[in-house]
Amino acid sequence: MSFAIAASFLLDTYQGHDRYGNIELYPAPLRLFSAIVAAAYTTARRSAGNADASLSDGDVRMLTWLEHTPPDAIELPAAIRCGGRGARAFRRKGWTQQALVGGPDRPDAAEPAAARSALDGPIVWWWKRDPDRDIIRRLGDLCGEVPYLGETGSPVVLTGKTAERIPEGALVRADDAGIGERGLIAFDVPAPGRAEALQRQFLLNRSGRVPTLAADRATAADGRPKKNERDRPDPWTVERVLEQVPYRRPGSCSVASDLPWNVGFLVRVSPVDGPRPWRPEPDARCDWAVALHQAIVSRIGPDAGPAITGRYVPGTLRPANTMAVQVLDAGLPLRSDLRCDGNASLLVLLSTERDGATSDDVDGVQAALAGLSEIRAGRPVLSTAGIVVRREPLGRVRVDEVSQVDPGRLWAPVSHGSSRWWTPQPLAVAETRAPNRSGPRSRRPWTVDDALRVAVGNLLRDRPGVRTTAHGDRRLRELSQRVHDLGVRIGGAHSAYPRHPERYVHHVRAGSPITPLQGMIHFGGILSDTAVTAIGQSRHFGVGLLVPVDLPDPVEVAWTPEPVSGEESDNE
C-alpha cells in the first residue's frame, strides 16, 4: 500500500515565499514538514498546559520518519501565478547593474507583495511504503490541526489516505538523475535533525520581553556587536538542516522525450479597441508573436535564460527548439476544453529537454505572463536600404486568462477511419537555400518536397536518427534522406506566393531568399497525433504552425521519388 497526504486549499490559491524570499508556485515538502512540527508542538503544549512541553515518543518517531523519508512522488495540479498587482512592497534589493536600489540616495525596489498561485486541484505527497500504523494515525490527527500552508492567506485542509499504487501522472523522485539533466523540479525536504533544530530556534527566540527598537539593534552605541548578538547562534543553522531532492516531470525521463515542446501556456485575449473579435491577418502573426515574446523577456529582465532570449554563447550547441509563440485561430480542431469562440489565442511553448529551458526559465515565463495585462504589436517599416525607420502599430489586446496546457495534447484525436496529415498555417518558410547543382554528382534536382523534409529535419535534429554531422549542401541532402527514411511523407507540396513574403520571417540574413512553402505532411507515427508542432524559418514566431487535417483511409498521394543515396553536391 502507498501512503499519501493531500493538501486541498480552500481558496484554490497558495501564497508563500521560499527561504530566499522568492514567490513559490507550490509548497515544498519542507513546508509540509514545518506545518506538522508546529501542529505537534501545539497539541503537546495544549494537552500539558505548559508552554515548554516536549513531544511524546510517538511524535518523535513520526517526525524522524518524515526527516529520513522524502516523498517518493508528488501530484502537482496545474498552477498559474495571479494577483499581486495592487499591493506593493518596497524592499532593499542590493546594488545591481540595472539600478542602485536600497542605497542612501536611491529608493527601495517595488515588488508585488501578495502574489499567489491559483491551483487547479489538490497537491498530494506520496510514499511508496506506508509507515507504521501508529505513525499513520498520528499524522492523520495532526493534519487536522494544520490551518494553512505558507502564509495565512492560504487556508488548507490536510488529509491522509492510502492507495494500491501511485497515480501515473505524479512526479517521481529522481534519485538517479544525472548532472545537468533537464526536465527536473527540485524541492526542499527536511534533513535528519530538523525538528530538533526548529525547537532550539524557537526556545532561543522566545524571550518574553516586549520588543523595542534599542533592544533589537544588532550593535551597541560604540558600533561593536552586542553581547547577546555575539552569543546568538548562526541564524542560518535551521536553514542548513535541509536537502534538495529532484523530481521528474510527468512523461519525462533521463533521455529526451518525443515532443518538440513539453511546456505550454495558453493566453486568451480580447481586443481593447472595438467590438470586433481579435483574429490577426496571416501576415501579422509573426509581429504579434514577436510582441508577446518581447513583453515576456522585458518582464523577466536580465535573468532571462538563453532558451527564452535565443541568445547563446558563441560556440554553444543550440537546441533545436527554444521558446516559441504561436497564434491559435478560433475554429481550429483543438481539444474540446481549449476551444474558444470568436477571438484567437496565443500559445507560448518551452522545451526543457536537450539543454533547453530550466525550471527557473519556466517559472520566469509563468510569472511574466501572470503579470501581463496588455499586448501591443507593431510592424517594422523598412527603408529602401533595409533599415527599420519606424514601427506601424497593429493594435493592442487585453490579456483575459493565462492557463497551463500540455503541448502533447493540444489537438483533438484523429477521426475514426482517417489518417492525420498536417499543413503549415499560414505557410512555412524554407530555412536554407537550395543546394548547389553545379557539382558532377548533383543529378537529382532539389524540390519543394526536399525543402519541407529539411524543415521537418531541423525540428527533429536533436534525435539520434536525424542528427547529422555533415555541413553545407551535403547536410541538406543527408537530412532530407534521413527524414524520408523515418517514414515522413510529403504530398501536394508547392511554392506559395504571398503579397509580402518578408512579413512571414523574423530575421533573415542579407541576400538570403525568402521561400514560402505549402504542402501536406504525414509523420508516419514518429510524432504524436495530438502534439503541437511547427516547421520552417519562423516556427518560433507565429509562422509554420502545423494544423491537423484528417483524410479518409486510404488516401492516394503523389509521392515524391525517394532521394538517391549519395547524390550530394561536391560544392560544400
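Values in this document were obtained by computation on a predicted structure and should not be read as measured data.

1. What about helix H11 (residues 448–459)?
(1) Moving on: The first and last C-alpha atoms of H11 sit 17 Å apart over 12 residues, in line with the 16 Å expected at 1.5 Å per residue.
(2) Moving on: In terms of burial, H11 is a largely internal element, 11 of the 12 residues being buried.
(3) Moving on: Among all positions of H11, only Asp449, Asp450, Ala451, Leu452, Arg453, Val454, Ala455, Val456, Gly457, Asn458 and Leu459 are buried.
(4) Moving on: Elements in contact with the buried residues of H11: helix H12 (472–485), strand S20 (489–495) and strand S21 (516–522).

2. Remarks on helix H10 (residues 359–370)
(1) Moving on: The end-to-end C-alpha distance of H10 is 16 Å, a good match for the 16 Å that 12 residues give at a rise of 1.5 Å each.
(2) Moving on: Along H10, the positions that sit buried rather than exposed are Asp361, Val362, Gly364, Val365, Gln366, Ala368, Leu369 and Ala370.

3. Regarding the packing of helix H1 (residues 29–48) against helix H3 (residues 133–143)
(1) Moving on: Look at H1 against H3: their axes get within 9 Å of each other, and the N-to-C directions meet at 90°. Our classification of the angle between H1 and H3 gives roughly perpendicular. Where H1 approaches H3, its residues Ile36, Ala39, Ala40 and Thr43 are matched on the opposing element by Arg138, Leu139 and Leu142.
(2) Moving on: The residue makeup of the contact of H1 with H3, split by class, is five nonpolar, one polar and one charged.

4. Focus on the environment of Ala344
(1) Moving on: Mapped onto the elements, Ala344 comes out in the loop between strand S14 (324–328) and strand S15 (345–350).
(2) Moving on: Along the chain, Ala344 and Val267 lie 77 residues apart, while their C-alpha atoms are 9.4 Å from each other.
(3) Moving on: Beyond its immediate stretch of four places on either side in the chain, Ala344 contacts Val269, Trp278, Pro280, Val327, Leu328, Asp329 and Ala330.

5. Regarding the nonpolar core
(1) Moving on: Membership of the largest hydrophobic core comes to 45 residues, with the highest contact counts inside it found for Phe265, Leu292, Ile296, Val348, Val365, Leu369 and Ile375.
(2) Moving on: Looking at this core, the elements that each hand over two or more residues are strand S13 (263–271), helix H8 (285–300), helix H9 (306–309), S14, S15, H10, strand S16 (374–382) and strand S17 (388–405).
(3) Moving on: In terms of residue count, H8 provides more of this core than any other element does, nine residues in total.
(4) Moving on: Ignoring sequence-local partners within four residues, the contact set of Val348 consists of Val263, Gly264, Phe265, Val267, Leu292, Ile296, Met323, Ala324, Val325, Val365 and Leu369.
(5) Moving on: Grouped together as the second largest cluster of nonpolar side chains are 43 residues, Ala39, Trp125, Trp127 and Val146 included.

6. Points about the sheet that holds strand S10 (residues 171–173)
Pairing between sheet strands relies on hydrogen bonds along the backbone, with the strands arranged either parallel or antiparallel.
(1) Moving on: Spatial strand order, S9-S1-S8-S3-S10-S12-S11: seven strands in an open sheet with antiparallel pairing. Edge positions in the sheet fall to strand S9 (156–163) and strand S11 (184–190), since each has one partner strand and no second. Ignoring which end each strand starts from, the neighbouring axes of this sheet average 25° apart.
(2) Moving on: By the bridge criterion, three bridges tie strand S3 (residues 73–75) to strand S8 (residues 123–127) in an arrangement that is antiparallel. The partner of Glu75 across the bridge, within S8, is Val124.

7. Digging into the side chain of Ser345
(1) Moving on: Its location among the elements puts Ser345 in strand S15.
(2) Moving on: Take Ser345: its relative accessible area is 3%, and that puts it in the buried class.
(3) Moving on: Not counting residues up to four positions away in its chain, the partners in contact with Ser345 are Leu266, Val267, Arg268, Trp278, Gln326, Val327, Leu328 and Cys340.

8. Some words on the packing of helix H2 (residues 57–68) against H3
When two helices pack together, their arrangement is given by the angle between the helix axes and the distance between those axes.
(1) Moving on: As a packed pair, H2 and H3 sit with axes 10 Å apart at the nearest point and diverge in direction by 90°. Classified by the angle between their axes, H2 and H3 sit roughly perpendicular to one another. For the pair formed by H2 and H3, the contact residues are Asp59, Arg61, Met62, Trp65 and Leu66 on the first element and Asp134, Ile135, Arg138, Leu139 and Leu142 on the second.
(2) Moving on: Residues belonging to the contact of H2 with H3 are distributed by class as follows: six nonpolar, no polar and four charged.

9. Structural notes on the pairing of strand S7 (residues 116–119)
(1) Moving on: Burial along S7 is one-sided: the face carrying Ser117 and Leu119 is buried and the face carrying Arg116 and Ala118 is not.
(2) Moving on: Sheet analysis places strand S2 (residues 13–14) next to S7, joined by two bridges and oriented antiparallel. Paired with Tyr14 across the bridge in S7 is Ser117.

10. With respect to the pattern of salt bridges
(1) Moving on: Tallying each qualifying case throughout the model produces 19 salt bridges.
(2) Moving on: Two residues, Glu196 and Arg200, come together in a salt bridge whose shortest N-O distance is 3.5 Å. A residue pair is termed a helical-turn pair when its members lie 3 or 4 positions apart in one helix, as Glu196 and Arg200 do in helix H4 (residues 194–205) at four residues.
(3) Moving on: Here Asp283 ties to Arg503 by a salt bridge, and the two come within 3.0 Å at their closest N and O atoms. Linking Asp283 in the loop between S13 and H8 with Arg503 in the loop between S20 and S21, this pair joins segments that are 220 residues apart in sequence.
(4) Moving on: Bridged by salt links that share partners, the residues Asp283, Asp287, Arg379 and Arg503 form one connected network.

11. What to know about the environment of Asp175
(1) Moving on: With respect to the helices, strands and loops of the structure, Asp175 is situated in the loop between S10 and S11.
(2) Moving on: Among the residues examined, Asp175 registers a relative accessible area of 59% and is labelled exposed.
(3) Moving on: Sequence spacing of Asp175 and Val245 is 70 residues, and the spatial spacing of their C-alpha atoms is 7.7 Å.

12. Digging into unusual backbone geometry
(1) Moving on: Following Gln425, the chain continues into Pro426 via a peptide bond in cis, with omega recorded as -10°.
(2) Moving on: Considering the arrangement of structural elements, one finds Pro426 in the loop between strand S18 (418–425) and strand S19 (428–429).
(3) Moving on: The residue Asp12 is not glycine, and still its phi comes out positive at about 60°.
(4) Moving on: Mapped onto the elements of the fold, Asp12 is located in the loop between strand S1 (2–9) and S2.

13. Regarding the packing of aromatic side chains
(1) Moving on: Under the criterion given, the structure shown has six aromatic pairs.
(2) Moving on: Consider the rings of Trp278 and Trp288, whose centres lie 5.1 Å apart with planes at 80°: the pair is edge-to-face. Residue Trp278 is found in the loop between S13 and H8, and its partner Trp288 is found in helix H8; the two are separated by 10 residues along the sequence.
(3) Moving on: Overall, Trp278 belongs to the buried group, its relative accessible area being 8%.
(4) Moving on: Here the aromatic residues Phe3, Trp65 and Trp127 are joined through ring pairs into a cluster of three or more.

14. Quick word on a nonpolar patch on the surface
(1) Moving on: There is a patch of nonpolar side chains on the surface, built from Leu10, Leu11 and Val157 and spanning about 280 Å² of accessible area.
(2) Moving on: Looking at where Val157 falls in the secondary structure, it is placed in strand S9.

15. Describing the confidence of the model for the protein chain
(1) Moving on: In the predicted model, the protein chain carries a mean pLDDT of 80, and the fraction of residues at 70 or more is 77%.
(2) Moving on: Within the model, the stretch residues 251–257 combines pLDDT values under 50 with 11 contacts to residues more than four positions away or in other chains.
(3) Moving on: Contacts of residues 563–572 to residues separated by more than four positions or lying in other chains number 32 contacts, the stretch itself having pLDDT below 50.

So, how was this worked out
Residues numbered from 1 in each chain as written. Predicted model: local features only at pLDDT ≥ 70, side-chain atom pairs only at ≥ 80, totals over all residues. Heavy atoms only, no water. Helix = DSSP H or I, 4+ residues; strand = E, 2+ residues; numbered from the N terminus. Expected span 1.5 Å × (residues − 1). Buried < 20%, exposed > 50% of the residue type's maximum accessible area, 1.4 Å probe, protein only. Contact = heavy atoms within 4.5 Å. Axes fitted to C-alpha atoms, helices over the stretch in contact; angles between N-to-C directions. Parallel < 35°, antiparallel > 145°, perpendicular 65-115°, else oblique. Nonpolar A, V, L, I, M, F, W, Y, C, P; charged D, E, K, R; others polar. Core = buried A, V, L, I, M, F, W, Y, C linked by side-chain atoms within 4.5 Å. Pairing = 2+ DSSP bridges. Salt bridge = Lys/Arg side-chain N within 4 Å of Asp/Glu carboxyl O. Phe/Tyr/Trp six-rings, centres within 6.5 Å; stacked < 30°, edge-to-face > 60°. Patch = residues over 30% accessible without salt bridge, like charges linked within 9 Å, V, L, I, M, F, W, Y side chains within 5 Å. Areas by Shrake-Rupley, 256 points an atom, 1.4 Å probe, with all protein chains shown as cover. pLDDT = per-residue confidence, 0-100.

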